[in-house]
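Here is what each chain is made of, one letter per residue.
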Amino acid sequence: MNRTASHGLPDAIRERFRREFGGNASRCFFAPGRINLVGAHLDYNGGDVLPMAVDRGLYVAVRLRNDGRIRLRSLAVDRQIDIDGTDVGQRANHEWGWGNYPIGVWQGMRTRIGREDGFEMVVGADLPMASGLSSSAAIEVATAIALDALYGTKLERQQIALLAHRAENGFVGLRCGIMDQFASALAKPGHVLWLHCAGPRFEHVPFDPSACEVLVMDTKKPRHLSRTGFNDRVAQCATAHETLRAHVRDLPHLADYNLADLKAAHGAMDEVLMRRARHVVTEMGRIATGVAALRVGDYQTLGRQLDASHRSTSVDYEVSCDELDVITDAARACDGVFGARLTGAGFGGCAIALCRPLFATAVAEQVGKVFRERFRVEAGFDVLRVGGGAGEI
Ligand code: GLA
């Protein structure tokens, strides 16, 4: 199994900072990635989600510049970004690649406080990128808390999360919900975040790592959210909601309806929209059951919600793929697995399996074999622990 040594990363980004920009980075910050236990595609439908920040994420070394320039480097990606702040408009520029996430946050901060200082930053991650563990939210949140500290704006964590979310939604253009940025910015050690996205309101619910291990299984299938059907799903849900409002009753969010409402809309909605809505409505039931189970440490019942959630995202929501179906089926067939499902948006990337303690290594071996035989690809496996929140290091 791949266990990345993360303790070297802060040193590595500081060292790279010295080489690239000279002198010392004034400050270093960390923001975690996340997995989502249950509540797939509910955040942008006004529903509940249950993300858990993990002990991996993204590190940044940062310093402000008084000439308005923005200079970004990554330990993992060659593309260097050197631009003038005055070149930054309201939307992402595809030439800036990964840099659009921190630039989007900087742009939101500039609009908010009216300061034009630029910044230079080196980024390092011990989280697989673009694979469903929310590396983009982690870079947004790390940049937001860094700029907040350097500008001395003292934003609340919820404002940090919303600033980061606006960068992704408004600047980068992915019509995602608030889950990832809230999970990263508001995480509390030893807990998962039960987030009611319509509020937003949240509660921290304990997660016991000695009762349940989280195995992350990376299909290695690339997944580029803005190029996949993600925005299509958002649009389909909006249409389903409009139809329900017009034909059944007027509720604020799609997640507020129930199966009887969907039945009443029969004939007004095509079969695809009906399935999208059915996923949303039934997933709300799974999250309620999942949270109740988690509160009493019943990981078996929680695991069954993951299995059912995966089926629903695969059949009704159609955001799974062969690789994610095979890897989760193979996990379910192993001893010691409570449940498994894709995590993040789907379309590729990672899945998770909740395992009894000490079972994860054997599960990874068995699943890896099945996956190799079927796809001739080495899937990646990692046991992630419940992480703490974002902050300065
Ligand atoms: C992506 C989005 C989130 C959420 C999930 C699906 O990770 O960024 O806002 O919609 O997909 O649950």
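Residues numbered from 1 in each chain as written. Predicted model: local features only at pLDDT ≥ 70, side-chain atom pairs only at ≥ 80, totals over all residues. Heavy atoms only, no water.

**So, the overall build of the protein**
Assigned secondary structure in the protein consists of 11 helices and 13 strands. Relative to the compact-globule value of 21 Å for 393 residues, the protein shows a C-alpha radius of gyration of 21 Å, a close match. By principal-axis analysis of the C-alpha atoms, the protein measures approximately 60 × 50 × 40 Å. Split into buried and exposed, the 393 residues of the protein put 59% on the buried side. (Helix = DSSP H or I, 4+ residues; strand = E, 2+ residues; numbered from the N terminus. Rg over C-alpha atoms; globule rule 2.2 N^0.38 Å. Buried < 20%, exposed > 50% of the residue type's maximum accessible area, 1.4 Å probe, protein only.)

**Re the sheet that holds strand S7 (residues 191–196)**
Read from one edge of the open sheet, three strands run S2-S7-S8, paired in antiparallel fashion. A strand with exactly one partner marks an edge of an open sheet, and here the two such strands are strand S2 (48–49) and strand S8 (201–206). In this sheet, S7 lies alongside S2 in antiparallel orientation, the contact comprising two bridges. When the sheet's bridge partners are listed, Asp48 is paired in S7 with His196. Sitting on the sheet, helix H8 (residues 271–295) is in contact with S2, S7 and S8, with an inclination near 45 degrees to S8. (Pairing = 2+ DSSP bridges. Contact = heavy atoms within 4.5 Å. Axes fitted to C-alpha atoms, helices over the stretch in contact; angles between N-to-C directions.)

**Topic: the pattern of salt bridges**
Applying the stated criterion across every chain, the model contains 32 salt bridges. Salt-bridge contacts for Arg65 lead to Glu120; the nearest nitrogen and oxygen are separated by 2.6 Å. In this pair, Arg65 is assigned in strand S3 (residues 51–65) and Glu120 in strand S6 (residues 118–125), connecting sequence segments 55 residues apart. Assigned by exposure class, Arg65 and Glu120 land together as buried. Put simply, Arg275 and Glu318 hold a salt bridge, and the shortest N to O gap is 3.2 Å. One end of the pair, Arg275, is in helix H8; the other, Glu318, is in the loop between helix H9 (299–315) and helix H10 (322–332), with 43 residues separating them in the sequence. Sharing partners across several salt bridges, the network here consists of Arg16, Glu20, Arg63, Arg65, Asp67, Arg71, Arg73, Asp82 and Glu120. (Salt bridge = Lys/Arg side-chain N within 4 Å of Asp/Glu carboxyl O.)

**Things to note about the site of the ligand**
Neighbouring residues of the ligand: Arg34, Ala40, His41, Asp43, Tyr44, Cys176, Gly177, Met179, Asp180, Phe230, Gly344 and Ala345. The backbone of His41 places a nitrogen or oxygen atom 2.8 Å from an oxygen atom of the ligand. Here the shell around the ligand is composed, by residue class, of six nonpolar, three polar and three charged. Here the shell around the ligand spans two domains, since at least three of its residues come from each of domain 1 (9–207) and domain 2 (213–384). (Near = heavy atom within 4 Å. Polar contact = N/O pair within 3.5 Å; in protein donor to acceptor, adjacent residues only side chain to side chain. Nonpolar A, V, L, I, M, F, W, Y, C, P; charged D, E, K, R; others polar. Domains from an automatic or database assignment.)

**Considerations on the sheet that holds strand S11 (residues 350–355)**
What holds strands together in a sheet is hydrogen bonding between their backbones, with the strands either parallel or antiparallel. With antiparallel pairing, four strands are arranged side by side in an open sheet as S10-S11-S9-S12. Two strands bound the open sheet, and with one partner strand each, they are strand S10 (337–342) and strand S12 (380–384). Across the sheet, the mean angle from the axis of one strand to that of its neighbour is 20 degrees, orientation sign disregarded. Bridging between strand S9 (residues 213–218) and S12 involves five bridges; their strand directions are antiparallel.

**Focus: the domain arrangement of the protein**
As far as domains go, the protein holds domain 1 (9–207) and domain 2 (213–384). The gap between the C-alpha centroids of domain 1 and domain 2 is 25 Å. Across the boundary between the two partners, domain 1 contributes 36 residues, which contact 43 residues of domain 2. Across the interface of domain 1 and domain 2, roughly 3,300 Å² is buried in total on both sides, 68% from carbon and sulfur atoms. Between the two partners, domain 1 and domain 2, sit two salt bridges. Across the pair Asp382 and Arg56 runs a salt bridge, and its minimum N-O distance is 3.1 Å. (Buried area = accessible area lost by both parts, 1.4 Å probe.)

**Section: the nonpolar core**
Formed by 95 residues in total, the largest nonpolar core has its most connected members in Val60, Ile103, Leu215, Met217 and Val367. Broken down by element, this core gets its largest block of residues, 10 residues, from helix H3 (residues 135–151). Formed jointly, this core draws a minimum of three residues from each of two domains, domain 1 (9–207) and domain 2 (213–384). When sequence neighbours within four positions are dropped, the list of residues in contact with Val60 reads Ile13, Arg27, Cys28, Phe29, Met121, Val122, Val123, Ala142 and Ala146. Formed by 28 residues, the second largest nonpolar core is a distinct cluster that contains Val38, Val192, Tyr299 and Ile352. (Core = buried A, V, L, I, M, F, W, Y, C linked by side-chain atoms within 4.5 Å.)

**What about the pairing of S3?**
Of all 15 residues in S3, 13 are buried; the element is thus mostly enclosed. Of the pairings in the sheet, the one linking strand S1 (residues 27–36) to S3 comprises nine bridges and is antiparallel in character. The residue bridging Phe29 from the neighbouring strand is Val60, located in S3. With eight bridges connecting them, S3 and S6 associate as antiparallel partners. Within S6, the position partnered with Arg65 by the bridge is Gly118.

**A look at the packing of aromatic side chains**
Going through the model one piece at a time under the given rule, you end up with six aromatic pairs. With a centroid separation of 5.5 Å and 80 degrees between ring planes, the pair formed by Phe207 and Tyr299 is classed as edge-to-face. Highlighted residues: Phe207 in the loop between S8 and S9 and Tyr299 in helix H9, separated in sequence by 92 residues. The rings of Phe207, Tyr299 and Phe338 are connected pair by pair, giving a single aromatic cluster. (Phe/Tyr/Trp six-rings, centres within 6.5 Å; stacked < 30°, edge-to-face > 60°.)

**A few points about the environment of Leu259**
Here Leu259 shows up in helix H7 (residues 259–264). A sequence separation of 207 residues divides Leu259 from Met52, and the C-alpha atoms of the two residues are 28 Å apart. Every residue in contact with Leu259, bar those within four places of it in the chain, is listed here: Arg278, Val281 and Thr282.

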